Structures are given as C-alpha cells and as structure tokens.
Amino acid sequence: MGVSQDQNSNAAATIADQTSTNKLSILVVSGRSGSGKTSVLNILEDLGYYSIDNLPLSLLPNAAHKLVNESGIHRIALGVDIRTPRADLSNFAVTYASLKETYGSHAVQILYVTAQESTLIARFNATRRVHPLMSQDIDSDNAKHIAFNLPAAIKKEVELLEPIASHADIRIDTSSLNIHQLKDSLREHIGMDNQIVINLLSFGFKYGSPIDADFVFDVRILPNPHWNPELRDSTGLDTEVGAFFLDYPEVAEMMGDIDKFLTRWLPEFLHNNRHTVTVAIGCTGGKHRSVFITDHLQRRLADAMPKGVKVLAKHREKVVGSDIRHSLIY
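Criteria and cut-off values
Residues numbered from 1 in each chain as written. Predicted model: local features only at pLDDT ≥ 70, side-chain atom pairs only at ≥ 80, totals over all residues. Heavy atoms only, no water. Helix = DSSP H or I, 4+ residues; strand = E, 2+ residues; numbered from the N terminus. Contact = heavy atoms within 4.5 Å. Areas by Shrake-Rupley, 256 points an atom, 1.4 Å probe, with all protein chains shown as cover. Buried < 20%, exposed > 50% of the residue type's maximum accessible area, 1.4 Å probe, protein only. Arc of directions from axis to C-beta. Core = buried A, V, L, I, M, F, W, Y, C linked by side-chain atoms within 4.5 Å. Axes fitted to C-alpha atoms, helices over the stretch in contact; angles between N-to-C directions. Parallel < 35°, antiparallel > 145°, perpendicular 65-115°, else oblique. Left-handed = near helix turned anticlockwise from the far one by under 90°. Salt bridge = Lys/Arg side-chain N within 4 Å of Asp/Glu carboxyl O. Polar contact = N/O pair within 3.5 Å; in protein donor to acceptor, adjacent residues only side chain to side chain. Pairing = 2+ DSSP bridges. Phe/Tyr/Trp six-rings, centres within 6.5 Å; stacked < 30°, edge-to-face > 60°. Lys NZ or Arg CZ within 6 Å of the ring centre and 35° of its normal.

## What to know about the overall build of the protein
Then comes step 1: Secondary structure summary: the protein contains 12 helices and 13 strands in total.
Then comes step 2: Within the protein, residue pairs in contact and separated by at least 24 positions form 77% of the contacts whose partners lie at least 6 positions apart.
Then comes step 3: For the protein, the accessible area works out to roughly 17100 Å², and carbon and sulfur atoms hold 50% of it.

The structure is reproduced here in structure tokens:
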C-alpha cells in the first residue's frame, strides 16, 4: 500500500508547519526477537512517542499519514519484526524510500535492536518464550513447512531481517545493557533530554491520603481559615484567604521549608529514570491550607527547577460554590 500524491502534498504541508520544538520524528523500530524491541517501544512511549507494535510493513505509509496529517502526532514509533509478511520484508526498501520522500530524510529513521547470539539464547531459556520462527516457518520456494530449533531460528531471523538491518540509522546492541542504560542510550541517539513532571497535589486527609504520592506533607498544624465564618466558603485560591495567612508567619516558614527541600531534591529525579513525581500536600478538608500552599509552591518551583522539569498543580478536592466535593479522579 502506498500514499497518493494528495497525501504526499498534505504531509509536506504538515512538515513545513513543524517548529523546532515540535520536530517530526518517525522511528521504524525493528530487531532480533529477544533483543529488547518491546522495551525500546515502551521507553519511546515514555519519552512522548506514539508507539504501535507488530505493524505489517506495507501499512507503514498509511499509518504514518493518518497519525501525522489526521491526528497531528509528530513523534511516532512503529514496531516491525519477523512476524510481518515475508513479501513486506522483501519490499522494505521501497516502503522506506516512500516514507523518506514523503516526510524528509531527517524525519524518518530506522532503529535496529540486536544482541549477541549467546545472550539471546540465554534470554529465551530464562523466560521460556518461544522464538517466532520455532513454531513453523514457510519455505515459499518449496511450499512446505520448516521447523527450527532455537539456534537455527535465531540465525534464520538475521537473514530475514537483513532488508531492514541494512538500512538501519541507529543500531543498539543490548547484550550488556540494563533497562536504565538502554533508556540512556536511546535518549542519546535520538537527541532527547530526560524530562520529568512534578505533580503538586492538594488533598484533604478526611477523604484519605493519595496512595500514589511519592512525598506527603501534612500542613494541618497551620491556622485553619475554616474557623473564620467569613472565610469558610472561600478556598486557598481566594485573595481573602491569602490575606488571612499573612497574619501567621509560620505559614510562610513552613512553605519555605517545603520549598527548600523540594528545590534541593526534585532535580535529582532527572537522573533516576523517573517520568513523574507526585508531591501531596494535605490539610483536613483539602480546601484552604493545602490549596494555598500547593498553588504558591507551584509558582516558586516552576521558576526554580532546571530545564526538563515541569511543575503542575492539581487540587483533588473539587470546590463548587460553597460545597467542597471529593473527586476520586484527578
């Protein structure tokens, strides 16, 4: 399957609109069974790629067109392996040339994952998985089925994947890599820095502590605007509640201590292969104190964090009018 001239024109227009921060990247990910192709696709997904695994090669142009032109997705990882039809493998050069012609030679790359034969055998034995070619393979010349043992299947796969491997822009040998080293290698090859999202979450202890929090700060020892009848219906986002807290220096002191701790330690997660960190700040009802501190900390940390760290503020207990409503989804 190919793409029409109209599709090519639309794709070219889409690429022309890409900015330097929204650069189009189409990675065709392939490799030997057991070498870590699935792990590579998972890592790329964590890095912001839209990943599709086990796609027939003949469908690559149409899949790329739909994702780029119809959905506006600019980072795409398309996994292809030995399970694709044999005819597709033999015609890979044509498919690859079509992608490059449509989206540009710099936008399309082949990432090929491999490992030493002894490593692959050890991995298959350890996981007790069956190599795709061990069940049955078809010899199209003689129209018969051929069964392979593991070493023979591994060797045969190299031969069948050669049309893809010969065009590889990036080759990664995973024989001696753990998952963290593999991620570092991928980031280096595709030119992406590690990024992490810091979620600051206000909540009310009376509704339960968030189970996914990495850090929990309890601010219930601070003065509570709830006991002021004029502030009971307000929230920590309202100016009158902020004015209330100005009369209590301990509020600023606690916020400063939390800020100092987070400013010191959150950047370290950049080097620890993390993608998100949740910092929960709780008061009794999740309406005044925790909301106020979460909102102010988000502003401080957004300015203080290094490149690659994004800081978001969320409030779990939703405020509607004069009622605070607990939300299980946030």
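Still to come is the rest of the account.
## Side note on helix α6 (residues 117–127)
Then comes step 1: Among the residues of α6, those classed as buried are T119, L120 and F124. An end-on view of α6 places all buried positions within 130° of arc, on one side of the element. For α6, the exposed residues lying more than 90 degrees away from the buried face are S118, N125 and A126.
Then comes step 2: Here the buried face of α6 lies against α8 (150–165).

## A closer look at the environment of R300
Then comes step 1: Mapped onto the elements, R300 comes out in helix α12 (residues 289–304).
Then comes step 2: A C-alpha to C-alpha distance of 9.2 Å links R300 and T263, two positions 37 residues apart in sequence.
Then comes step 3: Each residue touching R300, except ones within four places of it in the same chain, is listed here: M255, G256 and D259.

## Brief notes about the nonpolar core
Then comes step 1: If you look at the biggest cluster of nonpolar residues, it comprises 30 residues, and the most contacted ones within it are I26, L57, L60, L89, L99, Y103 and I164.
Then comes step 2: Breaking this core down by element, the ones donating at least two residues are β1 (25–31), α3 (60–70), β3 (75–79), α5 (92–103), β4 (108–114) and α8.
Then comes step 3: Excluding residues that lie within four positions of it along the chain, L89 makes contacts with L57, I82, T84, L160, L161, P163 and I164.
Then comes step 4: In terms of nonpolar packing, the next biggest core, distinct from the first, is built from 29 residues, I196, F245, C283 and L297 among them.

## Topic: the packing of α6 against α8
Then comes step 1: Interhelical geometry of α6 versus α8 gives an angle of 125° and a closest axis separation of 11 Å. Between α6 and α8, the interaxial angle falls into the category oblique. Two packed elements cross with a definite hand, and for α6 against α8 that hand is right-handed. Contacts between α6 and α8 involve E117, L120, I121, F124 and N125 on the former and, on the latter, L150, P151, I154 and K155.

## Topic: the pattern of salt bridges
Then comes step 1: Taken as a whole, this structure holds 12 salt bridges when the rule is applied.
Then comes step 2: Between D53 and K37 there is a salt bridge, with its nearest N and O atoms 2.6 Å apart. Placement of the pair is D53 in the loop between β2 (50–52) and α3 and K37 in helix α2 (residues 37–46), with a sequence separation of 16 residues.
Then comes step 3: What makes D53 partly exposed here is its relative accessible area of 33%.

## With respect to the side chain of S51
Then comes step 1: Relative to the helices and strands, S51 resides in strand β2.
Then comes step 2: Of note is the side chain of S51, whose polar atom sits 3.3 Å from the backbone oxygen of L41.
Then comes step 3: In contact with S51, not counting residues within four places along its chain, are L41, L44, E45 and A77.

## Describing the sheet that holds strand β8 (residues 196–204)
Then comes step 1: Taken together, 4 strands build an open sheet; the order of strands is β9-β10-β8-β11 and the sheet is parallel. The two strands at the open ends of the sheet, each matched to only one other strand, are β9 (215–218) and β11 (309–315). The average undirected angle you get between the axes of adjacent strands in this sheet is 20°.
Then comes step 2: Summarising the sheet, β8 and β11 pair through 7 bridges and their orientation is parallel. Each residue of the ladder has a partner; that of L200, found in β11, is A313.
Then comes step 3: Contacting β8, β9 and β10 (276–283), helix α11 (residues 249–265) crosses the sheet at an angle of about 170° to β9.

## Considering unusual backbone geometry
Then comes step 1: The residue N54 is not glycine, and still its phi comes out positive at about 55°.
Then comes step 2: Tracing the sequence through the fold places N54 in the loop between β2 and α3.
Then comes step 3: Positive phi, normally seen in glycine, also occurs at R128, with a value near 60°.

## With respect to the packing of aromatic side chains
Then comes step 1: In total, this model carries 8 aromatic pairs according to the counting rule given.
Then comes step 2: Relative to F245, the ring of F244 has its centre 5.5 Å away and its plane inclined at 70°; by these criteria the two rings are edge-to-face. Here F244 matches F245 in class, with each residue buried.
Then comes step 3: Look at F244 and Y248: their rings are 5.2 Å apart centre to centre, the planes differ by 45°, and that puts the pair in the tilted class.
Then comes step 4: Residue classification places F244 among the buried residues on the basis of a relative accessible area of 15%.
Then comes step 5: Lying over the aromatic face of F205, R220 brings its terminal NZ or CZ to 3.7 Å of the ring centre.
Then comes step 6: Lying over the aromatic face of W265, R264 brings its terminal NZ or CZ to 3.9 Å of the ring centre.

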